[in-house]
Every structure is written in C-alpha cells, then in structure tokens.
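Survey of secondary and tertiary structure
The primary structure of each chain is shown beneath.
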Amino acid sequence: QVQLVESGGGLVQPGGSLRLSCAASGTIYRINAMGWYRQAPAKQRELVALITNDTGTNYADPVKGRFTVSRDNAKNTVLLQMNSLKPEDTAVYSCYVSLQITASDSGRNYWGQGTQVIVSS
C-alpha cells in the first residue's frame, strides 16, 4: 500500500510565497512521475507542475516563472515552491504520483488528500 502525506499550504497575501511538500511511502519499486494539480472552486482540476522520468519537468502556463517543482528521489518527495502568488492561485492543491510497486507492475496513480492554498489580502 502506498501513502502520500502532504504538508504546507495556508493563507498568504498576494505576492507572498508558500512551499508544499509531498512524501510517498509504502511498497514502491519505481516512481515514474510526481507533481501537483489544483482545483479552484467551481473549476476542473488542472495540472500545476509535473516531473516525469520520460519528459522531464512541465509547468502550466499560468505558473511558469513563479512556481518551481523539485523532486528528492532518495526521499520519494516532491516539493512545490510557489512565489509571487496571486489570488487566482487560490485552490486545493493535490499531490500526484505515478509509480510501480513491482518491476512487472504496469503502473498505478495515487493522489494526496489535498491542501488548501488561499491567496488574499
């Protein structure tokens, strides 16, 4: 069984910064992708940033130049550094991990419980 534990998030003023962290634990053979999605009220969930073994790092256009995603392979952790936050960044941010639990596993997707980010003065 795999668990994702998120931390970070909260209330911040426009222009401020926050850092989100997500750690994966359990039976993990290989992690193929780690990253973050977000869902704002009355909107669909959207990609924020993703690191994959095949394609590298991808960012959604609205966060390019402001957010930085990084991965610690030794700790099975993904971080999201969010700078110059805007009110439109307000959303529930969820960690996403695609992994294999064995060498023959075709791959499984896991989601964190979500953490609220509110950008408001």
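For the structure itself, look to the data block above.
Below: a short report on this structure. It should be emphasised that the depicted structure is a prediction, and the values quoted were computed from it without experimental measurement. (Residues numbered from 1 in each chain as written. Predicted model: local features only at pLDDT ≥ 70, side-chain atom pairs only at ≥ 80, totals over all residues. Heavy atoms only, no water.)

So, the sheet that holds strand β8 (residues 77-82)
The four strands are arranged β1-β3-β8-β7 in an open sheet whose pairing can be described as antiparallel. Unpaired on one side and paired on the other, β1 (2-7) and β7 (67-72) mark the two borders of the sheet. Taken over all neighbouring pairs, the strand axes of this sheet differ in orientation by 15° on average, direction set aside. Across six bridges, the pairing between strand β3 (residues 18-26) and β8 is antiparallel. What sits directly across from Ala23, in β8, is Thr77. (Pairing = 2+ DSSP bridges. Helix = DSSP H or I, 4+ residues; strand = E, 2+ residues; numbered from the N terminus. Axes fitted to C-alpha atoms, helices over the stretch in contact; angles between N-to-C directions.)

Section: the side chain of Thr52
Mapping Thr52 onto the fold places it in strand β5 (residues 46-52). Under the relative-accessibility criterion, Thr52 is labelled buried at 16%. (Buried < 20%, exposed > 50% of the residue type's maximum accessible area, 1.4 Å probe, protein only.)

Regarding the pairing of strand β9 (residues 91-100)
In the case of a regular strand, side chains alternate between the two sheet surfaces. The buried count for β9 comes to nine of 10 residues, which makes it a mostly enclosed element. Bridge analysis of strand β4 (residues 30-39) against β9 gives nine bridges, and the strand direction is antiparallel. Each residue of the ladder has a partner; that of Met34, found in β9, is Val97. Bridge analysis of β9 against strand β11 (residues 115-119) gives three bridges, and the strand direction is antiparallel. Paired with Ala91 across the bridge in β11 is Val117.

Some remarks on the nonpolar core
A general feature of soluble globular proteins is that nonpolar side chains tend to end up buried together. Counting residues in each nonpolar core, the largest one holds 29 residues, and the members touching the most others are Trp36, Val48, Phe67, Leu80, Met82 and Tyr93. Breaking this core down by element, the ones donating at least two residues are β1, β3, β4, β5, β7, β8, β9 and β11. In terms of residue count, β9 provides more of this core than any other element does, five residues in total. (Core = buried A, V, L, I, M, F, W, Y, C linked by side-chain atoms within 4.5 Å.)

Some points on unusual backbone geometry
A positive phi angle is found at Ala42, which is not glycine, with a value near 65°. Relative to the helices and strands, Ala42 is located in the loop between β4 and β5. Look at Asn76: it is not a glycine, yet its phi comes out positive at around 50°. Position of Asn76 relative to the elements: it lies in the loop between β7 and β8. Judged by its relative accessible area of 22%, Asn76 is partly exposed.

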